[in-house]
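Chain and residue survey
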Amino acid sequence: MDLDATENVLPAAPENLCFNKDEFIKEDYDIDKFLANVRRHSSLETLREDLSVYMKILQNALVELINRDYADFVNLSSNLVGMDKIICTIKEPLTTFQGQVEELRSLIKEKIEATQQKLAERVAVREKKRVLQHLEGILMCIETMEGILDMSLSSRGDRPGTTLESHLVERISTEFNQLQFYVSKCKGLPLVDTVKPRINRITQVLQQNLEGMFTEGLTTSNDEMLTRCLRTYVTIDKIADAESLFRRVEVKPYMEEYINESYIRQKGGSFAMYSKILEFQKLKCDPLLAVIKPKSGQEPVKGYDFMVNAVWPEVVDLLETKAMSIFAAGNPENFYKEYTDGMEFLSSFELQCATIQSVKRLRAHPSYGKFINKWSLPVYFQIRLQDIAGTMEKCFLTPWTANTENSVYSLSLSHTVQSCIDKCWRKGMFLPSLAHRFWKLTLQILARYRTWLSALCNGEVEIECVVDKPALPRPSSRVDMLKSTDGRASPQSRSESPSSVTEFRKPNSDELVQVVGDGYQLITSITSILQTTIQPSIPVCDSQNAQLSSVLEESFSLIRDQLVSLQGLVAEEIVGRVSALMKHVSDIPRLYRRTNKEVPTKSSGYTNQAIQMLGTFKEQHDSSLPDVVRTQILTSVITSVIEQYEETTCEVLLSVKKMEDSLKRLKRGKTSASLVGNMSDDDKIRTQILLDVQHFSQQVRELGMDLESIPSYSKLVADVEQSLPARESPSPTNLQS
């Protein structure tokens, strides 16, 4: 309903009402929705009042409407008088007209049904006529072909073994093709069953003559005869028969001569056999190819593919039945050679196909899939997997064996891990069809190595070693006493012979360093293998190469985490040994208190021993660890050592300070008897500590370490400076130089 009609139907409403009057005449008006909308901005009491106001407006408008059109309301009933008589007058002619329409409709329906029946009869007659024409054509074709055959036999004098002339065969094939069409349209009729023996005789004669022509054409390389014969096969829709004949006459005798176990053993492998198979095209198929794809100016014979439908199936069948040894996967080295030769043969065979469509038909042929599936690739991979996994696990049983190979690794285990990964992609083992399996095996090898590193970090790996057991004394016998000249048992008679005992110990820092160095070198080597061997072996696009690198980098990241943990263990052990030496700083007060020693002028021996230990570590592992890793370990060691050294030094200085304060209170006003050269014992202790710190700092800098980046070193320097008297406190430059 439009807006103008709405304004004519409902009277105007005040503007202050809480609802819109047009809501009442909408087609989708719903009382619940109306109340819900009003309740959002007004109360029910307000709605009730506004509805009462508008109801009064509607009542007044209704009264005004009735008053304005009162005459029309009064005349409404009077205008309907006599309306029933008018309706009865109209009803009778309408009923008569309806009957006439129904009668006419039934008449038209009868005519339509009669017409349809006559048309159906005409269609049946036409079909019978067509069948009769086909039957007549069958008889005419049979009589024509029999006439040609009888004429040919009479001209040849009924000599058996001779073939029809090529033009007669071509004429018979044309009639035979027409006969096949007629027979296909008249299946199930009695006449067809009656003439079937005659048709079979003609078919047999035609096939014999075609086979003779085809064989003669191949033998004599008669292109014209082959062309007529092949076109005749196309005409009678017997292309498969021609290909089957070629397979039986030419392919099978040739292939049986070379595809057999004796020939393979005689030639020392299947390569010579495959070469002979590939030579078949040039020897036997060239005459056919010259007809199928002739030179320019000649019409080709289409529909044939002898390489796919005749040669290839026969080759596969003979390989499966007479050369089964090439598919045996028990000897992986021999299987690799046979499979590689087989795939090269398959590629060469595809190149001999005439067109791309021929290659597609070859790959879609059932024999193609049969040949591919005949190779037991899962068995071959399982044998290779057992070999590689056995080598790996054997090496994990003795992981600390030194590497004797000429390689960059210290441990034989690391060399074995790399060699196993390299072996997966090496010529002689890797097959492109198993690329996904060898890639998975590569990741599994890295995962196994990472698991061993994790066990090493958790202390689950121990080293088996042989320890000599000391000899144990045993009681002397009376016989031994008698044998001895002095009445005492001999040493041999009093003790047992030494023995060896197998024990287990945790790996030390030097052995862990070998693992860390080999681990980083292994990551570098496998990255090189990925770029030089793995990626070229897998024909993938650049994005997939990036995915391979990403997956391998993820494995490397997990290995690096374990190596970092091992670095922590190495640093922890070195820290323990060095810190044990640095704790000798606590012995300095004992050396100078009440001993009247001279003022110290050089550092203590423990600092030299600690620096010598750090220098030895750096020199021993200069080539086995990357520079960055070695620096990280030394930095971690020195940081921890200085932290502990600073704590111990602070404790010593604090103890000295307390002792000094205590002595001052006891000897206040008196001159100390422990002064030598105006320096107290406590100052000698502080001076010795100062010399030790200076010497240690200097030697650490000579190792190439940056002490200023270590917070505990600055605190150590500050503690030593604050402990010295003001008149003897060295400048920070001298202390840190």
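Residues numbered from 1 in each chain as written. Predicted model: local features only at pLDDT ≥ 70, side-chain atom pairs only at ≥ 80, totals over all residues. Heavy atoms only, no water.

So, a nonpolar patch on the surface
- A cluster of nonpolar side chains, contributed by Leu 62, Leu 65, Ile 66, Tyr 70, Phe 73 and Val 74, occupies part of the molecular surface with about 570 Å² of accessible area.
- On the secondary structure map, Leu 62 appears in helix α3 (residues 44-68). (Patch = residues over 30% accessible without salt bridge, like charges linked within 9 Å, V, L, I, M, F, W, Y side chains within 5 Å. Areas by Shrake-Rupley, 256 points an atom, 1.4 Å probe, with all protein chains shown as cover. Salt bridge = Lys/Arg side-chain N within 4 Å of Asp/Glu carboxyl O. Helix = DSSP H or I, 4+ residues; strand = E, 2+ residues; numbered from the N terminus.)

A short note on the packing of helix α11 (residues 271-292) against helix α12 (residues 306-322)
- Running from N to C, α11 and α12 cross one another at 155 degrees; their axes reach a closest spacing of 11 Å. The angle between α11 and α12 falls in the class roughly antiparallel. Crossing geometry of α11 relative to α12 is assigned as right-handed. Between α11, through Met 273, Ile 277, Phe 280, Gln 281, Cys 285, Leu 288 and Ile 292, and α12, the contact on the second element is made entirely by Phe 306, Met 307, Val 311, Val 315 and Leu 319. (Axes fitted to C-alpha atoms, helices over the stretch in contact; angles between N-to-C directions. Parallel < 35°, antiparallel > 145°, perpendicular 65-115°, else oblique. Left-handed = near helix turned anticlockwise from the far one by under 90°. Contact = heavy atoms within 4.5 Å.)

Structural notes on a negative patch on the surface
- On the surface, Glu 27, Asp 28, Asp 30 and Asp 32 cluster together into a patch of negative charge.
- In this structure, Asp 32 sits in helix α2 (residues 31-39). (Lys, Arg positive; Asp, Glu negative; His and termini not counted. Charge placed at Lys NZ, Arg CZ, Asp CG, Glu CD.)

Here we look at the pattern of salt bridges
- All chains considered together, the criterion is met by 23 salt bridges.
- Here Glu 45 ties to Arg 48 by a salt bridge, and the two come within 2.6 Å at their closest N and O atoms. Taken together, the residues span about one helical turn, with Glu 45 and Arg 48 both in helix α3 at a distance of three residues.
- Residue classification places Arg 48 among the partly exposed positions, given a relative accessible area of 48%.
- Among the ionic pairs, Arg 448 bridges to Glu 393, the shortest N-O distance being 2.9 Å. Here Arg 448 is found in helix α18 (residues 435-457), whereas its partner Glu 393 is found in helix α16 (residues 377-397), with 55 residues between them in sequence.
- Relative accessible area serves as the criterion here: at 28%, Arg 448 is assigned to the partly exposed category.
- Residue classification places Glu 393 among the partly exposed residues on the basis of a relative accessible area of 35%.
- When salt bridges that share partners are traced, they join Arg 247, Glu 314 and Asp 317 into one network. (Buried < 20%, exposed > 50% of the residue type's maximum accessible area, 1.4 Å probe, protein only.)

Some points on the confidence of the model for the protein
- Looking at the protein, the pLDDT average stands at 80 and 85% of residues meet or exceed 70.
- A low-confidence stretch, residues 157-162 stays under pLDDT 50, and its non-local contacts, those more than four residues away or across chains, total two contacts.
- The low-confidence segment residues 727-737, where pLDDT is below 50, has 19 contacts with residues more than four positions distant or belonging to other chains. (pLDDT = per-residue confidence, 0-100.)

Describing α12
- For α12, with 17 residues, the first-to-last C-alpha span of 22 Å sits near the 24 Å given by 1.5 Å per residue.
- Trp 312 marks where α12 bends most, by close to 30 degrees; the proline Pro 313 follows one to four residues later.
- For α12, the tally of buried residues reaches twelve of 17 residues, placing the bulk of the element in the interior.
- For α12, the complete set of buried residues consists of Phe 306, Met 307, Val 308, Ala 310, Val 311, Trp 312, Pro 313, Glu 314, Val 315, Val 316, Leu 318 and Leu 319. (Expected span 1.5 Å × (residues − 1). Bend = angle between axes of the 7 residues up to and from the residue.)

Here we look at the environment of Arg 171
- Secondary-structure assignment places Arg 171 in helix α6 (residues 166-185).
- Taking the relative accessible area as the measure of exposure, Arg 171 reaches 45% and is therefore partly exposed.
- Residues Arg 171 and Thr 232, 61 residues apart in the sequence, show an inter-C-alpha distance of 9.0 Å.

Section: the nonpolar core
- With 168 residues, the main nonpolar core has Phe 214, Phe 246, Met 255, Val 311 and Trp 452 as its most contacted residues.
- For this core, the leading source of residues is helix α22 (residues 542-582), giving 13 residues.
- Those residues in contact with Val 311, other than ones at most four positions away along the chain, are Phe 246, Val 251, Met 255, Phe 280, Cys 285, Phe 306 and Phe 349.
- Grouped together as the second largest cluster of nonpolar side chains are eight residues, Leu 10, Phe 19, Phe 34 and Tyr 54 included. (Core = buried A, V, L, I, M, F, W, Y, C linked by side-chain atoms within 4.5 Å.)

Things to note about the packing of helix α8 (residues 223-235) against α11
- Packing of α8 against α11 leaves a shortest axis separation of 10 Å and a crossing angle of 65 degrees. When the axes of α8 and α11 are compared, the pair comes out roughly perpendicular. Relative to α11, α8 is oriented so that their crossing is right-handed. Each of Asp 223, Leu 226, Thr 227 and Leu 230 in α8 lies in contact with α11, whose residues at this interface are Pro 287, Leu 288 and Val 291.

Brief notes about the side chain of Ser 509
- With respect to the element layout, Ser 509 can be found in helix α21 (residues 509-537).
- Beyond its immediate stretch of four places on either side in the chain, Ser 509 contacts Val 570, Glu 573, Ile 574 and Arg 577.

Looking at the packing of aromatic side chains
- The tally for this structure, following the rule as stated, stands at 34 aromatic pairs.
- Residues Phe 246 and Phe 306 carry aromatic rings whose centres are separated by 5.2 Å and whose planes lie at 70 degrees to one another, so their mutual orientation is edge-to-face. Taken as a pair, Phe 246 in helix α9 (residues 239-258) and Phe 306 in helix α12 lie far apart in primary sequence, 60 residues in all. For the pair shown, Phe 246 and Phe 306 are each scored as buried.
- Ring centres 5.8 Å apart and planes at 55 degrees place the aromatic pair Trp 400 and Trp 452 in the tilted group. Residue Trp 400 is located in the loop between α16 and α17 (412-424), and its partner Trp 452 is located in helix α18; the two are separated by 52 residues in the primary sequence.
- Classification of Trp 452 by relative accessible area gives buried; the value is 6%.
- Put simply, the rings of Tyr 274, Trp 312, Phe 327, Phe 335, Tyr 339, Phe 345, Phe 349, Tyr 368, Phe 371, Trp 375 and Tyr 380 touch in pairs and so form one group of aromatic residues.
- Directly above the ring of Phe 396 sits Arg 448, whose terminal nitrogen or CZ lies 4.1 Å from the centroid. (Phe/Tyr/Trp six-rings, centres within 6.5 Å; stacked < 30°, edge-to-face > 60°. Lys NZ or Arg CZ within 6 Å of the ring centre and 35° of its normal.)

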